[in-house]
Amino acid sequence: MNAPAPQPLVFHANRPGQDVAVRLAKVVSGAVMADAASCARYATDASIYQVQPLAILVPASDDDVRAATEVCTALGVPIIARGAGSSQCGQTVGAGLVIDHSKHLNRVVAFDASAQTVTVEPGIVLDELNGWLRKHGLWFPVDVSTSAQATLGGMAGNNSCGSRSLYYGNMVHNVAALDVRLADGTEARFGPERDMNDAPPRVRELVAALRSIGEREHDEIARVVPRVMRRVGGYNADVFNPQSERPYTADGSVNLAHLLVGSEGTLAWTRTLTLSLAPLPRHRALGVVNFGSLHAAMAATSELVALGPSAVELVDRTMIDLARSNPSFRPVIERALVGEPDAILLVEFTGDDAPATLRRLDDLEDVLANHGLERHLVKVPLAAEQKSLWDVRKAGLNIMMSLRGDGKPVSFIEDCAVPLAHLAEYVDRLTEIFRRHGTRGTWYAHASVGTLHVRPILDMRRDGAQKMRAIAEEASAIVREYKGAYSGEHGDGLVRSEWVAWQFGPRLTRAFEAIKDLFDPAGVMNPGKIVRPSRMDDASLFRFPPAHRTLALHTGLDWTAWDVQNDPRTGALSPPGSGGDPAHGFAKAVEMCNNNGHCRKFDAGTMCPSYRVTRDEIHLTRGRANTLRHALSGALGPSVASTAVRDALDLCVGCKGCRRECPTGVDMARMKIEFQYQWQREHGVPLRDRLLAYLPRWASLAARVAPLLNLRNRSPALAALMERPTGIAAARSLPQWRRDPFARQSAATDANADVVLLIDTFTRYFEPENADSALQVLRAAGFSVAIAAPMPADASRPLCCGRTFLAHGLVDEARREAKRMIDALVPHVRRGAAIVGLEPSCLLTLRDEFLVLGLGDAARELAGRAMLIEEFLAREQAGGRLTLALDALPERRALVHGHCHQKAFDVAGHVVTALRWIPGLDVEMVESGCCGMAGAFGYGVDHYDVSMRMAELSLLPAVRNAPADTLIVADGTSCRHQIADGTRNDRRRDAVHAIRVLARALPAAARDGATTTVAHSR
Ligand SMILES: Cc1cc2nc3c(=O)[nH]c(=O)nc-3n(C[C@H](O)[C@H](O)[C@H](O)COP(=O)(O)OP(=O)(O)OC[C@H]3O[C@@H](n4cnc5c(N)ncnc54)[C@H](O)[C@@H]3O)c2cc1C
Ligand code: SF4
Ligand code: SF4
């Protein structure tokens, strides 16, 4: 819902899309791109396919789309509509003009509360729409797993279906009307047939011709269209003779919008959608039934469906195990398990009356008791716990895709729908087919409607294509035997359009072609989908064709953990470094991005701040991974260190949000370090980067001339003067150098201290009082503390984690620092001391990048004992080893902003835990993403604006809204700086490190008498 911003034209003179790009640029105000890297970013969706588009348009308005349609029709260039690009079958992939409407065409156009309808533009995301509707007590109930990304235009394009389709139906059951534009520019509303008499003549003729096809094919429709609710393949010609288990319309009349739903952008462009809404369910109750076998779960499904639930969803053993291995899902899934089940069914009931809804779980229990299974039921009455479990289920596919190696779970028979009576047998037979083909599948999802998701593991670079066809043929025979639907959720695209003829027979296939020709005689609307398709195993369309190559690379970081292959039968991985990647695992790590688009989210969490503020594919984790993947294959030039990749990574703030939140673990922050390393090797290190990277080395000198350096903050003229040579935004204040840096290393040595305190560069030179506070608190808690110090032979400068070097790609220098740190601290680790730090990005480097610098077991030992101070205190408290007396403070509230790296390592909660020890202090964590400062990022003149926009997403508004007597707590140096900078023009708020708050709460006696020792190892 952003206001359109002026967009640049980006194209490359030699690209084939130049013609269309040049003509478009003259007539549209949105962004037109035809350069190789932009096309690469739009060449894939969440399928196995990849086709380079000719050009991309991000329209600023519907007028842009109108103009683009004219240009494309005149030039005969295919038009490929695209929302989030999360289709699994290759629907949005093609050699034409890709029109991405997700950035600007995303408004609510009209809302009628009494009729319970809403009209929206196609780019609005389902979660955003439902967020908007919440205040009206309504929602749009087609709750796809990708609700945080999927656009309504894309959902209609695919006839998407949610987990609760049993209760609410698919898209086709919930779309009231579509305002569309045909390829020849005709605009019309498609809705109830009886309302279309006023349509333009071209449309009236079209409707009449459609009706005559419908009448002609009346019997054939009844003969071949599967009678299941989950049938989304082909065109919905059955609007004229409905076959869906659930009627399309209440009175059986024809609604021509329903013919367009599921047409995958092949018939018309959707300008707006009018949707039927449902009242928000008032109460839900969830029961998790644990089964000893998948077969037993499937056999029980129809009996459970008879209880009238709103959803029955399957999660199998493999997925349970994968969820358990994910730190954020483990506690949630474990609460739902009874013993070690082979499968669980999530059975949900919905109702208006809370006690009555809860009682439905008793009914469930009674049914289970008939089978001796009552103790295998876990009741989940609370909404928050239900949501967490649904989140695990929704992440199912993504969790599954985290398998490393070239063999991946491939989507091609992933949503066949069979009648419930055959479900158990279907699963058994398909499992046997997989076994015969040397693979296996993981089962999950919509048991209630007979649509089970399963993806056999195939290696598309080797024998995957042959196996895919063989399995598809055998699976289809079973689906036919059971009178099921071959595509029950994800549509046709490139992988299944070939199967439309198989499913619907030659006669209806010809009717589909006739329908296509009526709408789009020139064949420009997303050609090759649904009708006149290519083969599913046409390797020239694969993302990883057999000829896929990777540039050889000498990497700075150790990526060998990704350089592996897997055994498709067991999932077991070969040893690190054995995967055959010429880029030593870097390419395979990049290829972990399967394009599912989960990073396009706006809900809670951190990922991906640069996308959240720009909504540009280039500034999205997925866009970056696609750019890198193409670069590593040589498609963007002979070297990975290209400006195309640099541009894509430019706004990546290294927040590590993706490291934690990307379901397949794409760690773009680390990839950026690797890229910077490659860049520096080829292009050298600019002076500005060198200055910032080497800050820990020159900081002691700077401290000596602190007053001089600090002048810059007091003189706007000086700041402006220095902007150009330094690249630092004049609008930024700089951290204040201290003349009294923390310098107590000269005190006594204590090689037996319980805690070795790491003083990072920022604490040392800018806020030494944080270190003093840490000492006070640790001592007051009874710990002996030593300050981490280098080995005596190497004592010319303090220890440093190397973060600033890593941030600028100076990996070798960072490795040198890491080695010094390991040499100095591992002896303390071995005698059992805790290594405790204050600055999240510094301390957590020991747990993250140190492990990929090739420093062996010693690095792992250090990582195992390195903790942030609140984490250490919380751990000691949980172990009953902490005695810390704290007094109440004058302030009664504290608002905590977690540093991104704290969140990435799931340790931000310890800050809240520790602050809550202060009597009477009400502590709240801000639901904030990255503060936007991210080390040196936000200081740059080229990043200042985007940095402030990131802060304004949630952090700064929350800080501004906090009552004046609220303590603002942020452990990150740069977060504190951003908060001060971002509030300086109104009511300036200064944030403090949590340890300062704890130190203030110490009784006066405990605060005094801190003496310091220094930790040297001998
Ligand atoms: C992890 C994962 C989980 C998924 N879970 C589900 C699920 O639970 N249920 C489900 O149904 N699907 C699911 N999908 C598939 C996919 O997310 C949905 O189909 C989704 O609705 C697609 O939305 P989108 O915005 O990404 O559409 P896109 O992929 O961008 O487009 C989908 C189709 O619509 C067409 N289209 C888009 N906009 C227009 C327009 N303005 N005019 C005409 N045609 C247009 C496109 O050309 C394309 O053919 C899942 C996918 C993934 C990766
Ligand atoms: S980066 Fe991760 S979340 Fe984003 S599309 Fe790729 S796999 Fe999905
Ligand atoms: S590190 Fe942060 S900014 Fe960079 S891609 Fe990941 S989530 Fe986005």
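Note: the structure precedes this text.
Residues numbered from 1 in each chain as written. Chains lettered and ligands numbered in written order. Predicted model: local features only at pLDDT ≥ 70, side-chain atom pairs only at ≥ 80, totals over all residues. Heavy atoms only, no water.

**Student:** Where do I start with the nonpolar core in this structure?
**Tutor:** Generally speaking, soluble globular proteins have nonpolar side chains that are buried together. Counting residues in each nonpolar core, the largest one holds 83 residues, and the members touching the most others are F586, M668, M671, M821, L825, L846 and L862. Sort the elements by how many residues they give to this core and helix 33 (residues 811-830) lands first, with nine residues. (Core = buried A, V, L, I, M, F, W, Y, C linked by side-chain atoms within 4.5 Å. Buried < 20%, exposed > 50% of the residue type's maximum accessible area, 1.4 Å probe, protein only. Helix = DSSP H or I, 4+ residues; strand = E, 2+ residues; numbered from the N terminus.)

**Student:** How should I be thinking about the pairing of strand 5 (residues 97-100) in this particular structure?
**Tutor:** Consecutive side chains of a regular strand alternate in pointing toward one face of the sheet and then the other. Burial along strand 5 is two-sided: L97 and I99 facing one way and V98 and D100 facing the other are all buried. Where strand 3 (residues 55-58) meets strand 5, three bridges bridge the pair, whose relative direction is parallel. Its bridge partner being in strand 5, A55 is matched across the sheet by L97. Bridging between strand 4 (residues 79-82) and strand 5 involves four bridges; their strand directions are parallel. Paired with R82 across the bridge in strand 5 is D100. (Pairing = 2+ DSSP bridges.)

**Student:** Looking at this model, I keep getting lost on the site of ligand 2. Mind explaining?
**Tutor:** Taken together, C593, N594, N595, N596, G597, H598, C599, T621, R622, C662, P663 and T664 make up the full set of residues adjacent to ligand 2. Residues belonging to the shell around ligand 2 are distributed by class as follows: four nonpolar, seven polar and one charged. (Near = heavy atom within 4 Å. Nonpolar A, V, L, I, M, F, W, Y, C, P; charged D, E, K, R; others polar.)

**Student:** When you look at the site of ligand 1 in this model, what are you seeing that I'm missing?
**Tutor:** Taken together, 36 residues sit near ligand 1, with A81, G83, S86, S87 and C161 positioned nearest. Note that an oxygen atom of ligand 1 is positioned 2.6 Å from one of the side-chain N or O atoms of S86. Within the side chain of T151, one N or O atom sits 2.7 Å away from an oxygen atom of ligand 1. Calculation on ligand 1 without its partners gives an accessible area of 980 Å², and the protein chains cover 98% of this total. When contributions to the shell around ligand 1 are tallied by element, the ones reaching two or more residues are strand 4, helix 5 (152-158), strand 11 (269-276) and helix 15 (396-400). Sorting elements by how many residues they give to the shell around ligand 1 places helix 5 first, with five residues. Across the shell around ligand 1, the residue classes break down as eleven nonpolar, 22 polar and three charged. (Polar contact = N/O pair within 3.5 Å; in protein donor to acceptor, adjacent residues only side chain to side chain. Areas by Shrake-Rupley, 256 points an atom, 1.4 Å probe, with all protein chains shown as cover.)

**Student:** Where do I start with the environment of D321 in this structure?
**Tutor:** One can find D321 in helix 11 (residues 317-324). For the pair D321 and A300, spaced 21 residues apart in the sequence, the C-alpha separation amounts to 22 Å.

**Student:** Please explain the sheet that holds strand 9 (residues 175-181) as it appears in this structure.
**Tutor:** Sheet strands pair by backbone hydrogen bonding; their relative direction is either parallel or antiparallel. If you trace the five strands from one edge of the open sheet to the other, you get 6-7-11-9-10, paired in antiparallel fashion. In the strand order of this sheet, the two ends are held by strand 6 (108-112) and strand 10 (187-190), each with one partner. The sheet shows a mean angle of 15 degrees between the axes of neighbouring strands, taken without regard to direction. Pairing analysis gives four bridges linking strand 7 (residues 117-120) to strand 11, with the strands arranged antiparallel. Directly across from T117, in strand 11, lies its bridge partner S276. The strands touched by helix 4 (residues 126-134) are strand 6, strand 7 and strand 11; relative to strand 6, the strand with the most contacts, the crossing angle is about 40 degrees. (Axes fitted to C-alpha atoms, helices over the stretch in contact; angles between N-to-C directions. Contact = heavy atoms within 4.5 Å.)

**Student:** Looking at this model, I keep getting lost on the sheet that holds strand 28 (residues 991-992). Mind explaining?
**Tutor:** Ordered in space as 26-25-27-28, the four strands form an open sheet in which the pairing is parallel. Lying at the two open borders of the sheet, with one neighbouring strand each, are strand 26 (922-925) and strand 28. Sheet analysis places strand 25 (residues 893-897) next to strand 26, joined by four bridges and oriented parallel. Following the sheet pairing, L895 is matched in strand 26 by E924. Helix 41 (residues 973-983) rests against strand 25, strand 27 (966-970) and strand 28 of the sheet, and its axis sits at about 135 degrees to strand 27.

**Student:** Quick question: what am I supposed to make of helix 13 (residues 354-369) here?
**Tutor:** Because each turn of an α-helix spans 3.6 residues, side chains separated by three or four positions in sequence point in the same direction. In this model, helix 13 (16 residues) spans 23 Å end to end at C-alpha, consistent with the 22 Å of a helix rising 1.5 Å per residue. Every buried residue belonging to helix 13 is among T357, L361, L364, V367 and L368, and all of these are buried. End-on, the buried residues of helix 13 take up no more than an arc of 115 degrees, which puts them together on one face. In the core, the buried residues of helix 13 are packed alongside strand 13 (283-291), helix 10 (294-305), strand 15 (343-351) and strand 16 (377-380). The N-cap residue of helix 13 is D353: its side-chain oxygen and the backbone nitrogen of A356 are 2.9 Å apart. (Expected span 1.5 Å × (residues − 1). Arc of directions from axis to C-beta.)

**Student:** Would you take a moment to explain unusual backbone geometry for this structure?
**Tutor:** Outside of glycine, negative phi angles account for most residues, and trans bonds account for most peptide bonds. That bond from M607 to C608 is cis: its omega, -15 degrees, falls within 30 degrees of zero. Within the secondary structure, C608 sits in the loop between helix 20 (586-590) and helix 21 (609-614). Unusually for a residue other than glycine, I530 sits at a positive phi of about 65 degrees. Inspection of the secondary structure puts I530 in the loop between helix 19 (500-519) and helix 20. In this structure I530 comes out as buried when scored by relative accessible area, which is 2%.

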